[in-house]
Number of protein chains: 2
Amino acid sequence: MRILLVGAGGHVGGVARDAFEGRGHEVLAVSRTTDPAVNTSDPASIRALLEAVGIVDAIVVAAGSVPFKPVTELTREDYMSGFVSKTLGQLEFVVQGLDHVADGGSITVTTGVLARESVPTAAAAAMANGAVESFVLAAAPELPRGIRINAVSPNVLANSPHYHDAFAGMTPVTDSEVAMAFIRAVEGNVNGRVLAV
Amino acid sequence: MRILLVGAGGHVGGVARDAFEGRGHEVLAVSRTTDPAVNTSDPASIRALLEAVGIVDAIVVAAGSVPFKPVTELTREDYMSGFVSKTLGQLEFVVQGLDHVADGGSITVTTGVLARESVPTAAAAAMANGAVESFVLAAAPELPRGIRINAVSPNVLANSPHYHDAFAGMTPVTDSEVAMAFIRAVEGNVNGRVLAV
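Overview of the structure. The structure presented is a predicted model; accordingly, all values stated were derived computationally and were not measured.

### Some remarks on the environment of Asn191(A)
Residue and element names in this part refer to chain A. In this fold, Asn-191 is placed in the loop between α5 (175–187) and β6 (194–196). Separated by 85 residues in the primary sequence, Asn-191 and Ser-106 have C-alpha atoms spaced 8.8 Å apart. Here Ile-149 takes part through its backbone nitrogen, which lies 2.9 Å from a polar atom of the side chain of Asn-191.

As structure tokens, then:
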């Protein structure tokens, strides 16, 4: 398959890239610093990327960032920032991306355990991830031309050094488990699912 | 208790009002057309309301609207509109509202079954509701002074004429079931819960 992978510069994006390339797929891996580059908070940037890329069999997005602060310090601007980056930044690949996905293809977005489990300072992240996960289940039955949509929703990453203190007592997910979820989302027949790993 | 009820003009808000008044609470019921009025999409309007109201034992919000369209027709502006109205419009009562809730009080927001079940044209509604539900579970452990937060999340309303066709095969919820959930959220000790009815 020909796969557009957005967010290739992050740990999860890198895992997905290796997984897809290992399965023999053609991966168009983009980030803020590739050529073409993309800023997923800017719909015009996404439009330019999609026009440059043309038609793909799958779009996989592992991008977006959210402010982490205690809920008593989170501002309206923080929630808006997280929504624009993590939620709209991924949904835009449905709004604009559908026309660039081949019949029977797929869109895969990335969320995380914060949509369903609390950890300190993660209220905005929970909000942004929960928005994407509920969207996926609602959008799936309405997508045209047999196109599927799913979310890969990892726990804290075993092989990334970040955030482990905040996720005390939660079982980290290995790169291979994350990779399997992306492979299933793209090669399998699941639709409207949150693939929690 | 002294309860600020926002969204008193809607069906769910009316059910909550009757329930709280029936339990002997003092209900400050506001909507877009009361005095004081509130437009929950406008943080300055919420600020003015809270300053007029002072300190309450509970804030209950049953406000916010979201565009309903097939996912192939939903635009970035539609998602933003639903987020500002239904998600931020309720979260703002945490951002600003915490300082107006007495020690040991509570904040209750309103979501709906669309966060977890798909019906046609509801992808933006799912997104906005899912955002609020994940926020609630993440925010609850971080609220100060023993303040609790919960979401009441009803199915389609048995006693409201709207939307029944879209919810074919889903069991409508009666007013009394909705009322019980609001009473539990305000008078009970639940925290960080989505009270699905």
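### Some thoughts on the interface of chain B and chain A
Taken residue by residue, the interface counts 40 residues in chain B and 40 residues in chain A. Where chain B abuts chain A, roughly 3100 Å² becomes buried across the two surfaces, and 70% of that area is made up of carbon and sulfur atoms. Interface area lost by chain B to chain A is led by Val71(B), Arg76(B) and Glu142(B), which between them contribute 23%. Linking chain B with chain A are two salt bridges, by the criterion used here. Between Arg76(A) and Glu92(B) there is a salt bridge whose closest N-O contact spans 2.6 Å. Counting the contacts that link chain B with chain A gives 10 residue pairs in polar contact (both at pLDDT 80 or more). Listing elements by their share of the side of chain B that touches chain A, those giving two or more residues are α3 (76–95) and α4 (123–139) of chain B. Of the residues assigned to the side of chain B that touches chain A, the class counts are 27 nonpolar, seven polar and six charged.

### Quick look at the sheet that holds strand β3 (residues 56–61) of chain A
All names here are of chain A. A sheet is described by the order of its strands in space; here six strands give the open sequence β2-β1-β3-β4-β5-β6, paired in parallel fashion. Because the sheet does not close on itself, it has two edges, and the strands there are β2 (26–30) and β6. Within this sheet the neighbouring strands show an average axis-to-axis angle of 20°, counted without direction. Note that strand β1 (residues 2–6) and β2 share five bridges and pair parallel.

### Here's the deal with the sheet that holds strand β3 (residues 56–61) of chain B
Residues and elements named next belong to chain B. The six strands are arranged β2-β1-β3-β4-β5-β6 in an open sheet whose pairing can be described as parallel. If you trace the sheet from one side to the other, it starts and ends with β2 (26–30) and β6 (194–196), each paired once. Strand-to-strand, the axes of this sheet are offset by a mean angle of 20°, without reference to chain direction. As judged from the four bridges shared by strand β1 (residues 2–6) and β3, these two strands associate in the parallel manner. By the bridge assignment, Val-6 is partnered in β3 with Val-61. Strands β1, β2 and β3 of the sheet are contacted by helix α2 (residues 43–53), whose axis makes an angle of about 160° with β1. On the sheet, α4 packs against β4 (101–110), β5 (148–153) and β6 and is oriented at approximately 150° with respect to β5.

### Observations regarding the packing of helix α4 (residues 123–139) of chain A against α4(B)
Where α4(A) contacts α4(B), the axes come no closer than 6 Å and their chain directions differ by 145°. The crossing of α4(A) and α4(B) is right-handed. Residues Ala123(A), Ala126(A), Met127(A), Gly130(A), Ala131(A), Ser134(A), Phe135(A), Ala138(A) and Ala139(A) of α4(A) form the contact with α4(B), whose own contacting residues are Ala123(B), Ala126(B), Met127(B), Gly130(B), Ala131(B), Ser134(B), Phe135(B), Ala138(B) and Ala139(B). Grouping the constituent residues of the contact of α4(A) with α4(B) by class yields 14 nonpolar, four polar and no charged.

### Re the pattern of salt bridges
All names here are of chain B. Under the criterion given, the structure shown has 14 salt bridges over all chains. Here Glu-26 ties to Arg-2 by a salt bridge, and the two come within 3.6 Å at their closest N and O atoms. Taken together, the residues Glu-26 in strand β2 and Arg-2 in strand β1 connect sequence positions 24 residues apart.

### Let's talk about the relation of the copies chain B and chain A
Laying chain B over chain A is done by rotating through 180° and shifting 0.0 Å along the axis; what remains is an RMSD of 0.0 Å. Taken together, these values place the two copies in the relation of a two-fold axis. In terms of proximity to the rotation axis, the leading residue of chain B is Ala131(B), whose C-alpha is 2.1 Å off the axis. The overlap is high: 100% of the interface residues of chain B also sit at the interface in chain A, so the same surface is used on both sides.

### A few points about the pairing of β4(B)
Residues and elements named next belong to chain B. Most of β4 sits inside the fold, with seven of its 10 residues counted as buried. Here β3 runs beside β4; their pairing, made up of four bridges, is parallel. When the sheet's bridge partners are listed, Val-56 is paired in β4 with Val-101. With α3 bridging β3 and its parallel neighbour β4, the resulting β-α-β unit is right-handed.

### Details of α5(A)
For α5(A), with 13 residues, the first-to-last C-alpha span of 18 Å sits near the 18 Å given by 1.5 Å per residue. Elements in contact with the buried residues of α5(A): β1, α1 (11–22), β3, β4 (101–110), β5 (148–153) and β6 of chain A.

### Focus on the pairing of β1(A)
Every other side chain in a regular strand lies on the same face of the sheet, so the side chains alternate between the two faces. Most of β1(A) sits out of view: four of its five residues are buried. One crossover worth recording links β1(A) to the parallel β2(A) by way of α1(A), and it is right-handed.

### Side note on the side chain of Ser153(B)
Residue and element names in this part refer to chain B. Considering the arrangement of structural elements, one finds Ser-153 in strand β5. Within polar-contact distance, the side chain of Ser-153 engages the backbone oxygen of Gly-112 at 3.1 Å. Other than its neighbours up to four places away in sequence, Ser-153 contacts Thr-111, Gly-112, Val-113, Arg-116, Glu-133, Val-194, Leu-195, Ala-196 and Val-197.

The rules we used
Residues numbered from 1 in each chain as written. Chains lettered and ligands numbered in written order. Predicted model: local features only at pLDDT ≥ 70, side-chain atom pairs only at ≥ 80, totals over all residues. Heavy atoms only, no water. Helix = DSSP H or I, 4+ residues; strand = E, 2+ residues; numbered from the N terminus. Polar contact = N/O pair within 3.5 Å; in protein donor to acceptor, adjacent residues only side chain to side chain. Contact = heavy atoms within 4.5 Å. Buried area = accessible area lost by both parts, 1.4 Å probe. Salt bridge = Lys/Arg side-chain N within 4 Å of Asp/Glu carboxyl O. Nonpolar A, V, L, I, M, F, W, Y, C, P; charged D, E, K, R; others polar. Pairing = 2+ DSSP bridges. Axes fitted to C-alpha atoms, helices over the stretch in contact; angles between N-to-C directions. Left-handed = near helix turned anticlockwise from the far one by under 90°. Least-squares fit on C-alpha atoms with pLDDT ≥ 70 in both. Buried < 20%, exposed > 50% of the residue type's maximum accessible area, 1.4 Å probe, protein only. Right-handed = clockwise from strand over helix to strand, strands pointing away. Expected span 1.5 Å × (residues − 1).

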